[in-house]
Amino acid sequence: MARYRVAMDIGGTFTDVVTYDDEAGAFTASKASTTPEDLSEGVVSGLAAVVDAPADISFLVHGTTQGLNAFLERRGVPVLLLATAGAEDSYHIARGPRTRLYDLHYRKPEPLVPRRDTVGIGGRLAVDGTELEPLDEQAVRDAAVAARERGLGAIAIAFLFSYQNPAHELRAREIVLEELGEDFTVSLSHEAAKEWREYERTSSAVVESYTGPIVRRYLSNLESRLRERGLGVPLHVMQSSGGILTADSARHRPLQTLLSGPVGGAIACAELSRAAARPNLIGIDMGGTSFDVSLIVDGEPDVSAEAHLEGLPMLMSVVNIHTVGAGGGSVAWVEAGGLRVGPRSAGARPGPACYGRGGTEPTVTDANLVLGRIDPDGFAGGSMSLDVDLAVAAVEGLGAQFGLDAVAMAEGVCDVANSKMAQAIRTITVSRGVEPRDSSLVAFGGAGPMHAVFLARELGIAETIVPRFPGAFSAWGMLQTRIRKDLTQPYFSLDADLDGAGMAAVLAGIERDALATLGEEGVPEQDRAVSHAVDIRYEAQEYTLTVPLTDAAEPAGADFLDVVARRFADMHKSRYGHANLGAPIEFVTLRTTAFGDLGRPEPQKWPLAQSPEFPHEVRQVIFDGEARDTVVVRRDDLLTGHGLTGPAVVVEDTATTVVPPGYELTVDELGSMIIRVEGKA
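Residues numbered from 1 in each chain as written. Predicted model: local features only at pLDDT ≥ 70, side-chain atom pairs only at ≥ 80, totals over all residues. Heavy atoms only, no water.

### Considerations on the overall build of the protein
Part 1: For the protein, the count of helices and strands is 16 helices and 33 strands.
Part 2: Projected onto its principal axes, the C-alpha coordinates of the protein cover approximately 80 × 60 × 60 Å.
Part 3: Across the 681 residues that make up the protein, the buried fraction comes to 57%.
Part 4: Within the structure as shown, the protein displays about 27,200 Å² of accessible surface, and the carbon and sulfur contribution to it stands at 50%.
Part 5: Measuring between centres, the 60 positive side-chain charges of the protein sit 2 Å from its 94 negative side-chain charges. (Helix = DSSP H or I, 4+ residues; strand = E, 2+ residues; numbered from the N terminus. Buried < 20%, exposed > 50% of the residue type's maximum accessible area, 1.4 Å probe, protein only. Areas by Shrake-Rupley, 256 points an atom, 1.4 Å probe, with all protein chains shown as cover. Lys, Arg positive; Asp, Glu negative; His and termini not counted. Charge placed at Lys NZ, Arg CZ, Asp CG, Glu CD.)

This is the structure:
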């Protein structure tokens, strides 16, 4: 019988695989090299390393950066945008705020669709959705023919007020598919984002069209390869919201998978928060290419209703993750006489100089190897051997430009990288009214535990947690998540005019629809649940806060306005430092989230140490320019109750943890390593 639950996180350098054996009740983790030329090849290789046959898999989920990479590298398909005639320039006009006031070279983000590929289509709806002018069907047909003749790969359709009445967009899609075939990619703005604000809704549809064909081809190819090898269960894909979808649903809504790669770590942190009874966590995921920061507040991931990438907005539920180009493969270089680290990465090919694949530029990994913090023979579980001499040569070459030897230059590279990452943590915490010192730092990713304590020291964070399988923690998190569907409904009303019973009735209808969508994902009726929220703002404000509701019926209560106004004021004060309880508020959008529980494995209890002793060795590692005797221990030899005092290096297959002098490490019942300042436990 199928017995394995498998999750895969495809990174820029490695593909991480975590497997849970339902019979043995045990987790295992492994890595395989990512194959950028064909990501599905790396997935299949990673599966083969942990499961004898795909037929043994009972559940399979993965996170992919396929769409995100296509967006960031501007290699999506060319898109034709159909917009309401007379308002077709709204996408290019965009918004007016200048986000970098003192940047003399500031330019608005470059749109994904050039002006020449934007077509105004006759037909008009009123703000309430009633038809003022019928759709110009011939104009739509002519545009579809033009798209075919010019070799465009997708069409985005975004008409005014379609979130109130989608009839024109739906008919336009029918016409396009009649001309171009059922397999042609067409994205409708009311499906990509059923919300107000025309520019943001149009941008969402454009991004989905731009990346959609690439995501669909990838998922279809991967599913086909896995089916050929005997996979008998649906392939699931992480969403940007932290939930999962079947690959079939993801092909219809590819925008939802855009940030699916990084969010697994945030879900893992939320599960760790629950298991370890630590409500506030800062998760840092440092891999080979990037450094991702996420927040857990009161046990829940910080989720937003809008995301911005490269300055372009998308209306969708997304776990807030702040990313900077700082990873193990980040290249150290000189600019204007100063040292820079990243954002450019050496990637998997050729990789850092120490990989011996032809890379010659020094990276963060090379610097850590020079300092003795990486075992050259045990990297990536022993699957790779690192060349120390090549690392020293690369770092020395950089150091010659500053008059520094290899050791001093290596510490400088690490210091600059740490400063950059600490600033990323400040950005996502302070901007949301979160004090970093009130949270614990959770370090994961292949390189995260190597730098985490240095970051905690700079930010004044008292406790650093390194969970089990840190290098594959995001993949572990994917096994802890649920099916998720997000539905929205515009609902504009001043508090003085609110019909509470009417709002409750609308929410009840959305709830029925949401629960029905879970049936399409194969979720049994008894395992379905919903939650509700409403976007609220002060009267005449532009942007909103999402305020949770207890259930769909709450708005019908007699004291609803007082209760929800208080909730909104508390959230506003927490986020912005002030509130104005009693001022008029506006309701803007209703939000319903449906969850489907597919089962998830509980975290394993870690074995209890029978003795305070554990196998280890001592070798020289450099801290603050000085070679120190340092304890080097295998992670599997540290059991619950064990402890050590830094300096120390903990080695495991998926990561390396560095404990600097002046810190001590203990192991809790979950197998997590807890690192604090010596004497402050």
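On we go.
### Looking at the side chain of Glu 554
Part 1: Structurally, the position occupied by Glu 554 is in the loop between β25 (545-549) and α16 (560-576).
Part 2: Given the relative accessible area of 15%, Glu 554 is considered buried.
Part 3: In this structure the side chain of Glu 554 is engaged in a polar contact, spanning 2.8 Å, whose partner is the backbone nitrogen of Thr 550.
Part 4: Once you skip the residues sitting within four places of it in the chain, Glu 554 turns out to touch Leu 549, Phe 560, Val 563 and Arg 567. (Polar contact = N/O pair within 3.5 Å; in protein donor to acceptor, adjacent residues only side chain to side chain. Contact = heavy atoms within 4.5 Å.)

### A word on the packing of aromatic side chains
Part 1: Counted under the stated rule, the structure contains 9 aromatic pairs.
Part 2: Both rings, one in Tyr 20 and one in Phe 27, keep their centres 4.7 Å apart while their planes meet at 50°; by these two values the pair is tilted. Exposure class is identical for Tyr 20 and Phe 27. Each is buried.
Part 3: Taken together, a centroid distance of 5.5 Å and an interplanar angle of 10° make the contact between Phe 473 and Trp 476 stacked. You can see Phe 473 and its partner Trp 476 sitting in helix α14 (residues 473-478), 3 residues apart, about one turn around the helix. (Phe/Tyr/Trp six-rings, centres within 6.5 Å; stacked < 30°, edge-to-face > 60°.)

### Considerations on the sheet that holds strand β5 (residues 79-84)
Part 1: Here 4 strands make up an open sheet; going across it, the order is β6-β5-β9-β10 and the pairing parallel. Edge positions in the sheet fall to β6 (118-121) and β10 (185-188), since each has one partner strand and no second. For this sheet the average axis-to-axis angle between neighbouring strands, irrespective of direction, equals 20°.
Part 2: Alignment of β5 against strand β9 (residues 154-158), held across 5 bridges, turns out to be parallel. Considered in β9, the bridge of Leu 80 is made with Ile 155. (Pairing = 2+ DSSP bridges. Axes fitted to C-alpha atoms, helices over the stretch in contact; angles between N-to-C directions.)

### What to know about the packing of helix α1 (residues 39-50) against helix α7 (residues 198-228)
Part 1: Orientation of α1 relative to α7, taken along the N-to-C sense of each, is 35°, at an axis distance of 10 Å. Between α1 and α7 the crossing geometry is right-handed. Only Tyr 218, Asn 221, Leu 222, Arg 225 and Leu 226 of α7 make contact with α1, whose side of the interface consists of Leu 39, Ser 40, Glu 41, Val 43, Val 44 and Leu 47.
Part 2: Along the lines of polarity and charge, the residues of the contact of α1 with α7 split into 7 nonpolar, 2 polar and 2 charged. (Left-handed = near helix turned anticlockwise from the far one by under 90°. Nonpolar A, V, L, I, M, F, W, Y, C, P; charged D, E, K, R; others polar.)

### Thoughts on the sheet that holds strand β30 (residues 648-651)
Part 1: On the basis of which strands lie adjacent, the open sheet formed by 4 strands has the order β27-β28-β30-β31 and mixed pairing. Both outer strands of the open sheet, β27 (617-623) and β31 (656-659), are each paired with one neighbouring strand and no more. Averaged over all neighbouring strand pairs, the angle between strand axes comes to 30°, with direction disregarded.
Part 2: Bridging between β27 and strand β28 (residues 626-634) involves 7 bridges; their strand directions are antiparallel. What sits directly across from Phe 623, in β28, is Glu 626.
Part 3: Helix α13 (residues 448-459) contacts β27 and β31 of the sheet and is inclined by roughly 25° relative to β31.

### A look at the pattern of salt bridges
Part 1: Tallying each qualifying case throughout the model produces 37 salt bridges.
Part 2: Arg 567 is the partner of Glu 554 in a salt bridge, and the nearest nitrogen-oxygen pair spans 2.5 Å. Pair noted here: Glu 554 is in the loop between β25 and α16 and Arg 567 is in helix α16, with a separation of 13 residues, a long-range link.
Part 3: The network of salt bridges with common partners includes Glu 137, Arg 141, Arg 171, Glu 174, Glu 178 and Glu 179. (Salt bridge = Lys/Arg side-chain N within 4 Å of Asp/Glu carboxyl O.)

### So, the environment of Arg 484
Part 1: Among the structural elements, Arg 484 can be located in strand β23 (residues 483-494).
Part 2: In sequence terms Arg 484 and Glu 521 are 37 residues apart; their C-alpha atoms lie 9.5 Å from each other.
Part 3: The residues contacting Arg 484, other than those within four sequence positions of it, are Gln 239, Ser 241, Gly 243, Ile 244, Leu 245, Val 303, Ser 317, Thr 593, Ala 594 and Phe 595.

### Section: helix α15 (residues 500-520)
Part 1: A rise of 1.5 Å per residue sets the reference length of α15, with its 21 residues, at 30 Å; its end C-alpha atoms lie 31 Å apart and thus fit the reference within 8%.
Part 2: Restricting attention to buried positions, one finds in α15 the residues Gly 500, Met 503, Ala 504, Leu 507, Gly 509, Ile 510, Ala 514, Thr 517 and Leu 518.
Part 3: Check the buried side of α15 and you find it contacts β23, β24 (528-538), β25, α16 and β26 (585-596).
Part 4: At the C-terminal side of α15, Gly 522 shows a positive phi close to 80°. (Expected span 1.5 Å × (residues − 1).)

### A look at the nonpolar core
Across soluble globular proteins, nonpolar side chains have a tendency to be buried as a group.
Part 1: Formed by 71 residues in total, the largest nonpolar core has its most connected members in Ile 284, Phe 291, Val 413, Ile 425, Leu 441, Leu 638 and Leu 665.
Part 2: No other element matches the 11 residues that helix α12 (residues 406-430) contributes to this core.
Part 3: Ala 268, Val 319, Ala 475 and Ile 483 belong to the second largest nonpolar core, which has 37 residues in total. (Core = buried A, V, L, I, M, F, W, Y, C linked by side-chain atoms within 4.5 Å.)

### What about the side chain of Ser 209?
Part 1: Here Ser 209 lies in helix α7.
Part 2: If we skip the residues at most four places from it in the chain, Ser 209 touches Val 77, Val 79, Ala 154, Ile 155, Ala 156, Thr 185 and Ser 187.

### Some remarks on the packing of α12 against α13
Part 1: Running from N to C, α12 and α13 point in directions that differ by 60°, and their axes come no closer than 9 Å. Classed by the angle they form, the pair α12 and α13 counts as oblique. In the packing of α12 onto α13, the handedness of the crossing is right-handed. Contact residues: α12 offers Cys 414, Asn 418, Ser 419, Met 421, Ala 422, Ile 425 and Arg 426, while α13 offers His 451, Phe 454, Leu 455, Glu 458 and Leu 459.
Part 2: Of the residues in the contact of α12 with α13, the class split is 7 nonpolar, 3 polar and 2 charged. (Parallel < 35°, antiparallel > 145°, perpendicular 65-115°, else oblique.)

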